[in-house]
Amino acid sequence: MAQNGKPKFAMYWAASCGGCEIAVLNIGERILDVDATFDIAFWPVAADFKYQDVRNYPDGYIDICLFNGAVRTSENEELAHLLRRKSKILVAFGTCSYQGSIPALANLTNPDSIFRAAYLDNYSTDNLQGVQPQPLTQVAEGELLLPAFYRTVKSLDQVVPVDYFIPGCPPEPHQIWTVLQAVVAALQGGTELPPRGSIIGAGSVAVCDECSLEKHEKQIAHFYRPYEIQPEAGLCLLEQGLICMGPATRSGCGALCPQVGMGCRGCYGPLDDVDDQGARLVSAIASIGVAGQLGADDEEELARKAGLLMAGIADPAGTFYRFSLAHSLLNRTRYPGNGDGKGEKL
Amino acid sequence: MNRISIDPITRLEGHGKIEIFLNEEGEVANTYFQIPEFRGFEQFCVGRPAEEMPRITNRICGVCPEAHHMASTKALDALFHIEPTPAVKKLREMFYSAFYVTDHTTHFYALGGPDFVMGPDAPPAERNILGVIHKVGVEIGRAVIDCRQRNHHVIQVLGGRGVHPVAGLPGGWSRALTEQERQEFEAIALKNVDFALFSLQIFEDIVLKNQAYVDLILADTFTHRTYYMGTVDENNCVNFYDGKIRVVDPEGKQFVKYAYRNYAKHVAERVEPWTYLKFPYLKEVGWKGFVDGAESGVYCATPLSRLNAADGMTTPKSQEAFEKFYETLGSKKVNGRYQPVHQRLATHWARLIELLYAAERMLELLREEDITDTNVRPIVTEVPDEGVGCVEAPRGTLTHHYWTDENGILTQVNLIVGTTNNYAPIAMSIDKVAKALIKKDTEITHGLLNRIEMAFRAYDPCFACATHFLPGQMPLEVIIRDLDGAIISSLRR
Amino acid sequence: MACSSLAATRVMCSGRVEPDLVLKALREGADGVLIAGCHPGECHYIEGNLKTLRRYTLLKRLLAQFGVEPERVQLLWASASEGPALAEAVDRMTEQLRALGPLRWKASVLGSNGYHPMAAVPCGGEAEVSDRLVAEV
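Quick caveat, the model's predicted, so the values are computed rather than measured.

Looking only at helices and strands, chain B features 17 helices and 18 strands. In terms of overall size, chain B behaves like a compact globule, its C-alpha atoms giving a radius of gyration of 22 Å where 493 residues would be expected to give roughly 23 Å. Sorting the 493 residues of chain B into buried and exposed places 70% on the buried side. When contacts within chain B are restricted to residue pairs at least 6 apart in sequence, long-range pairs at least 24 apart make up 68% of them. Counting every atom, chain B has about 14900 Å² of accessible surface; 49% of that belongs to carbon and sulfur.

Here it is, written out as structure tokens:
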């Protein structure tokens, strides 16, 4: 608790998109309550505090820090360590810091290809000399530094200890407000916060439970791409053959995407006690598929039909791990020359 | 001290730092505006199904996900060779107009506006949206908050979510608008028009009636004469959703007007080793460095640029505001069109004119008969190959270019994003302002450094957008030093 | 099983083998995983093995995207009376894995979170840069 003045609030973005910041602003008038309760200590989108200001704070000065964005560069990691030191409560806010989210899709490719696509083989880039960004550039006036780019995208808890996780890409405003209220109650009224390491601001059942679409028995004989059919309104999308990750995704958002006829893509992460959301989705989706018939089809035919059914899923890794790759068991794809044998730092 | 770092820059979307080098005389030798962030969408989207791109690329930016979602959806139209019906186009444009209202509101009141409302020298702790609300009063604060809320509500109802909409499909949209919603949104659009007029009035009262601010806006320090880019309809009027891309030269003469698919004939990007972001420039003029003028390929794509590149607006109140803008700033008509306004701080004003246009356009579209057409989700029958989709993002012209195999799996992606267009102009604005403000023996106050930052805030930059890409291999090591040269941390692979 | 390179785990039905068990095995040091289930039509739980077949089929596609060679995860139908056939399949797979080499996922793929090495034209002199700096984050 701050010794003088109000409790200190910080929000920071690492390899992120700014959506988490907008989600906080989308709590609407309640931002005025946040303003009444907290002093802002660091929040680059909204306030003019600089890195040096944060370095100058005493350790633990910040009461609560909402850290969003994945760890992609050395600067992201430096700020993770800095804000861990300076904050009493460090929250992995949003799916990027929780599980990697969209930036972690880069773990399905490799830095060489990434560099090539941006700088050397880029359709609209004129770069005959093959210039690339460097961590250190000597210019006439002095040195210019850039953060180093890591081989693998990491989640926040893979670099520093994290107190709480708020899932969502971004977390929904009503959930954000619930969490902020609980924090304020704890800071002011001394009520208990959940155990450290908890996932907060979300439900504990699957998205299907929140979804208003009608569900019957699931036996999918064919998977469709979203533009291949016009789904019947009011009916479960997955049952109609449109991929929806609701069965293996944590509730809390209100099942928003299915309500507009688009399947869930899993941004709230897995349920409790699940290490790897993508594997769970492979299991769930495959379980409710139907391929071949016992008695009618021999083993070869059964295998062939299973293959045909699964071929209708266009991009398993990029779909089932859309938001959770940094937390997945395999974590990244192999590529020639990667790994330096130094062992896991996770 | 021979070096000043502003790190990070604040009150914008994204990461950036400004390095100012001083010479022995204590004057600015040079400034470098570095972008230290990047993620790599152009590569990690390869292998993904193209129809997922509206839901993946919206994560390029959470402030303008609607822009990426829309450009991506239009790229899918082209890729899958499916022409959306007029009803679908109107639905999308109406949705997009609601987004413009909330985004421009957020920028004016939360990002760029505080510099004017609180003053550039206000203490950092007050120089933000909360300071603005304290100063102008909670009632006005509530009006701003309410504007954002009601338009994000429109976005969520039609798009699925308030941040990162999901409804875009090739040739269509995943859900239609009901009549009940239409009526609700019509009431919202009317409020938006009022709010836009109110915001323009605030600008007039707080900025235009304050001589110090007017001098700031008109000062040569914040002025650059470059090419200007924007999307225009068949009458050369501003349109955010669709049209052709038009570029005018510093004198206001049309330089080129092209269809989306030809963008690479006219725009090229340049790499510098000290930043992750690339610098687009006009190919036919060529890169001549960070300089103004018709001989330099540097161009700008902002609300100011869009007004400069257009001959007018299509809605009555915004057209009135458009004419007042040019007249007030002393622009003359040449060959029937106003000459460009070059003062970059005037972009804040131009942004409010666009806010008004978006509000009027939203209302117009909601009154169209087919806006509630239920047939908005067509089935795709063609084989995909390649497609380009563009929109005007609030921060500039946005281009998505996709190539796929016959199964619609992406094989290549190219993106030129709103703010990227403006990287060179922003760098030039920062450099010019720094050189003008910092002289021998000048006291470096936070207010002075903030004025340097004001040079970029006018552009409403979005560097998460700009740095969608990932650069390649990094050299061996990095040292991070504080202002005294002491090492804070150091890194090696 | 005579083969010493095989670590066997018994389950009541191949349908118990969830994809994350396979992934965990690969991550924690296995060079390959063989799922042996009862023949379709002979499943005590009627269709447990069909579920396995579907999961396995989808998992193989996913593994390919991670760069795991197809030989490393295999599915085999074998009944209790088909001991020699199973042994033969195990031997065959062992040979295939030997030819591919060890997977060593943790050590070779996860490694430490190294920075991306620079290969292109350095600005400022690569030698000068490399002399100066030490790294630990």
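Moving on: the environment of Trp403(B). Relative to the elements of secondary structure, Trp403(B) occurs in strand E15 (residues 396-404). The exposure class assigned to Trp403(B) is buried, which follows from its relative accessible area of 12%. The spatial distance from the C-alpha of Trp403(B) to the C-alpha of Pro384(B) is 8.3 Å, given a sequence separation of 19 residues. If sequence neighbours within four positions are ignored, Trp403(B) has contacts with Tyr123(A), Asp385(B), Glu386(B), Ile409(B), Leu410(B), Thr411(B), Gln412(B), Val413(B) and Asn414(B). Side-chain polar atoms of Trp403(B) contact the side chain of Glu386(B), separated by 3.4 Å.

Residue and element names in this part refer to chain B. The strand order across the open sheet built from 4 strands is E8-E7-E6-E11, with neighbouring strands paired in mixed fashion. Only two strands of the sheet have a single neighbouring strand rather than two, namely strand E8 (254-258) and strand E11 (299-300). Where strand E7 (residues 244-248) lies against E8, 4 bridges are found, and the strand directions are antiparallel. Its bridge partner being in E8, Arg-246 is matched across the sheet by Lys-257.

On to the interface of chain B and chain A. The interface of chain B with chain A comprises 119 residues on the first partner and 97 residues on the second. A buried area of about 8900 Å², summed over both sides, lies between chain B and chain A, and 59% of it is on carbon and sulfur atoms. For chain B, the biggest contributors to the area lost against chain A are Arg55(B), Arg161(B) and Arg377(B); these three give 8% of the whole. Here chain B is connected to chain A by 10 salt bridges.

Overall, the predicted model of chain A reaches an average pLDDT of 92, with 96% of residues at or above 70. Under a pLDDT of 50 for its full length, residues 338-346 of chain A has, in the predicted model, 25 contacts with residues more than four places off or in other chains.

The next thing to look at is unusual backbone geometry. Here Cys169(A) and Pro170(A) are connected by a cis peptide whose omega angle stands at -10°. Residue Pro8(B) is reached from Asp7(B) by a cis peptide bond, and omega for that bond is 0°. Residue position: Pro8(B) is located in the loop between strand E1 (3-6) and strand E2 (17-22). A positive phi angle is found at Asn331(A), which is not glycine, with a value near 75°. You can see Asn331(A) is positioned in the segment after helix H12 (316-320). The phi angle at Ile46(C) is positive, at roughly 75°, despite the residue not being glycine.

Residues and elements named next belong to chain B. Under the defined criterion, the tally for this structure stands at 42 aromatic pairs over all chains. Ring geometry for Phe-240 versus Tyr-357: centroids 5.1 Å apart, planes at 75°, classification edge-to-face. In this pair, Phe-240 is assigned in the loop between strand E6 (227-232) and E7 and Tyr-357 in helix H13 (residues 347-366), connecting sequence segments 117 residues apart. Comparing Phe-240 with Tyr-357 shows no difference in burial state: the two are buried. Connected via pairs of aromatic rings, a cluster forms that spans Phe-21, Tyr-32, Phe-33, Trp-274, Phe-279, Tyr-281, Trp-287, Phe-290, Tyr-423 and Phe-456.

Residue and element names in this part refer to chain B. Contact geometry of helix H4 (residues 86-112) with helix H8 (residues 179-208) gives a least axis separation of 11 Å together with a crossing angle of 30°. The angle between H4 and H8 falls in the class roughly parallel. The two elements H4 and H8 meet at a crossing, and its hand is left-handed. Along the contact surface, H4 presents Met-94, Val-101, Thr-105, Phe-108 and Tyr-109, while H8 presents Phe-185, Asn-192, Phe-195, Phe-198, Ser-199, Ile-202 and Phe-203. For the contact of H4 with H8, the class distribution of residues is 9 nonpolar, 3 polar and no charged.

Below, the discussion takes up the interface of chain A and chain C. Taken together, the contacts link 64 residues of chain A with 52 residues of chain C. With both chains or domains summed, chain A and chain C bury close to 5200 Å², and 59% of this area falls on carbon and sulfur atoms. The tally of links from chain A across to chain C stands at 3 salt bridges. For the salt bridge of Asp275(A) with Lys24(C), the shortest nitrogen-to-oxygen distance reads 3.1 Å. The set of elements that each furnish at least two residues to the side of chain A that touches chain C consists of helix H4 (74-86), helix H6 (111-120), strand E6 (136-139), strand E8 (149-154), helix H10 (277-287), helix H11 (299-311) and H12 of chain A. Of all the elements, H11(A) adds the most residues to the side of chain A that touches chain C, at 8 residues. For the side of chain A that touches chain C, a count of residues per class yields 28 nonpolar, 20 polar and 16 charged.

Criteria and cut-off values
Residues numbered from 1 in each chain as written. Chains lettered and ligands numbered in written order. Predicted model: local features only at pLDDT ≥ 70, side-chain atom pairs only at ≥ 80, totals over all residues. Heavy atoms only, no water. Helix = DSSP H or I, 4+ residues; strand = E, 2+ residues; numbered from the N terminus. Rg over C-alpha atoms; globule rule 2.2 N^0.38 Å. Buried < 20%, exposed > 50% of the residue type's maximum accessible area, 1.4 Å probe, protein only. Contact = heavy atoms within 4.5 Å. Areas by Shrake-Rupley, 256 points an atom, 1.4 Å probe, with all protein chains shown as cover. Polar contact = N/O pair within 3.5 Å; in protein donor to acceptor, adjacent residues only side chain to side chain. Pairing = 2+ DSSP bridges. Buried area = accessible area lost by both parts, 1.4 Å probe. Salt bridge = Lys/Arg side-chain N within 4 Å of Asp/Glu carboxyl O. pLDDT = per-residue confidence, 0-100. Phe/Tyr/Trp six-rings, centres within 6.5 Å; stacked < 30°, edge-to-face > 60°. Axes fitted to C-alpha atoms, helices over the stretch in contact; angles between N-to-C directions. Parallel < 35°, antiparallel > 145°, perpendicular 65-115°, else oblique. Left-handed = near helix turned anticlockwise from the far one by under 90°. Nonpolar A, V, L, I, M, F, W, Y, C, P; charged D, E, K, R; others polar.

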